[in-house]
Amino acid sequence: MLKSAKVHALHPSIKIKRCVISLGVVLLAIGIPLLAWAQAEIPLLTTKPQQGGGTAYSVSIQTLLFLTVLSFLPAILMLTTAFTRIIVVLAILRQGLGTVQTPTNQVLIGLALFLTAFIMRPVFEASYRDGIQPYLQEKIGLEEGLGKAITPMRTFMLNQTRRADLDLFIRISQSQIDTKEPMPLAVLIPAFATSELKTAFQMGFLILIPFLIIDLVVASILMAMGMMMVSPMIISLPFKIMLFVMVDGWSLLMNALASSFYI
């Protein structure tokens, strides 16, 4: 009786396993002929040379490359545009104000994204006009289109990168780089990111100075009054917000960030 009950209890799982195995066999039986037909009739992954030089890729390869680029899109956005400098400066500003989570991370990132789009608009327009649009119109190939689309981005990064940071990564890479050739992105991108972080921290230092003075003044007054148990941050927060609003801090900060890329 116990053995029969145990077999009966396991019976549903056995049915499920048999169904899965049967489904797998059916899919294999259908998929193998379809795959063989696709390989014979449809050129999924093909390339062919062009008359003017270069290589033309099939739609499948182009789709694969596009999806691969999308997976790296956040890193590309942060390390090849003005986003890094902007978000670091905004984070330091919030830290200096002492408002902890106000503005929220979503607000800061959204503001940084739209300000990045505003600053990078001439670069994006040049990339689209010189590389993407001719490729979509089938006037040039994929490789040539990518090269022309990257050129404005490379120029922007070179203009914002310190020579010392660029020389550092050239020396680390131990490669001989011809100054007449375009700077390799493997060297340019980390040098640009390092330079952007340095610039962002310099701007953040200047932003923190008035807030630090207010904190010191409030802390000294509280110590003189014997109110050592009261946190200076609680008292200084309204004064820092009032000072920031009175000098129209947001407009000054946006103007400083946007102007810092085109001076």
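Heads up: the structure comes first, above all this text.
Residues numbered from 1 in each chain as written. Predicted model: local features only at pLDDT ≥ 70, side-chain atom pairs only at ≥ 80, totals over all residues. Heavy atoms only, no water.

A. The overall build of the chain, seen in detail. Helix and strand counts for the chain stand at ten helices and two strands. A buried classification covers 29% of the 263 residues belonging to the chain. Taking the intrachain contacts of the chain between residues at least 6 apart in sequence as the baseline, contacts between residues at least 24 apart amount to 66%. For the chain, the accessible surface area stands at approximately 18,000 Å², while carbon and sulfur atoms represent 72% of it. (Helix = DSSP H or I, 4+ residues; strand = E, 2+ residues; numbered from the N terminus. Buried < 20%, exposed > 50% of the residue type's maximum accessible area, 1.4 Å probe, protein only. Contact = heavy atoms within 4.5 Å. Areas by Shrake-Rupley, 256 points an atom, 1.4 Å probe, with all protein chains shown as cover.)

B. Just helix H8 (residues 185-224), in detail. Here H8 spans 57 Å end to end across 40 residues, near enough to the 58 Å set by a 1.5 Å rise per residue. The largest bend in H8 is about 30°, located at Ile 209, with the proline Pro 210 one to four residues further on. Looking one or two residues past H8, Gly 226 carries a phi angle of roughly 75°, positive in sign. (Expected span 1.5 Å × (residues − 1). Bend = angle between axes of the 7 residues up to and from the residue.)

C. The arrangement of the packing of aromatic side chains in detail. Using the criterion set out here, one finds four aromatic pairs in the structure. Their ring planes at 50° and their centres at 6.3 Å tell us that Phe 211 and Phe 244 sit as a pair that is tilted. In this pair, Phe 211 is assigned in helix H8 and Phe 244 in helix H9 (residues 232-246), connecting sequence segments 33 residues apart. With respect to burial, Phe 211 and Phe 244 carry one shared label: buried. A ring pair is formed by Phe 244 and Trp 250, whose centres lie 5.3 Å apart and whose planes are at 85°; its orientation type is edge-to-face. Classification of Phe 244 by relative accessible area gives buried; the value is 10%. (Phe/Tyr/Trp six-rings, centres within 6.5 Å; stacked < 30°, edge-to-face > 60°.)

D. Examining the nonpolar core more closely. One finds Ile 86, Leu 253 and Leu 257 to be the most contacted residues of the largest nonpolar core, which totals 36 residues. Of all elements in the fold, only helix H4 (83-97), helix H5 (105-136), helix H6 (142-160), helix H7 (163-173), H8 and helix H10 (249-259) reach the threshold of two or more residues within this core. Broken down by element, this core gets its largest block of residues, nine residues, from H4. Leave out the neighbours within four places in its chain, and Leu 253 touches Val 89, Leu 90, Leu 93 and Ile 207. (Core = buried A, V, L, I, M, F, W, Y, C linked by side-chain atoms within 4.5 Å.)

E. Inspection of the side chain of Thr 199 at higher detail. Relative to the helices and strands, Thr 199 is located in helix H8. Owing to a relative accessible area of 14%, Thr 199 belongs among the buried residues under this scheme. Each residue touching Thr 199, except ones within four places of it in the same chain, is listed here: Arg 85 and Arg 162.

F. Focus on the packing of H8 against H9. At a minimum axis separation of 9 Å, H8 and H9 run at an interaxial angle of 140°. Here H8 lies oblique to H9, going by the angle between them. Here H8 and H9 pass one another in a crossing that is right-handed. Contact residues: Pro 210, Phe 211, Ile 214, Asp 215, Val 218, Ala 219 and Leu 222 in H8; Pro 232, Met 233, Ile 235, Ser 236, Phe 239, Lys 240, Leu 243 and Phe 244 in H9. Broken down by class, the residue content of the contact of H8 with H9 amounts to twelve nonpolar, one polar and two charged. (Axes fitted to C-alpha atoms, helices over the stretch in contact; angles between N-to-C directions. Parallel < 35°, antiparallel > 145°, perpendicular 65-115°, else oblique. Left-handed = near helix turned anticlockwise from the far one by under 90°. Nonpolar A, V, L, I, M, F, W, Y, C, P; charged D, E, K, R; others polar.)

G. Quick peek at the pattern of salt bridges. Enumeration according to the criterion identifies five salt bridges in this entry. Glu 196 is paired through a salt bridge with Arg 85; the nearest N and O atoms lie 2.5 Å apart. Taken as a pair, Glu 196 in helix H8 and Arg 85 in helix H4 lie far apart in primary sequence, 111 residues in all. Each member of the pair Glu 196 and Arg 85 is classed as buried. Note that Asp 167 is salt-bridged to Arg 163, the shortest N-O span being 3.0 Å. (Salt bridge = Lys/Arg side-chain N within 4 Å of Asp/Glu carboxyl O.)

Worth remembering: the numbers are spatial, not functional.
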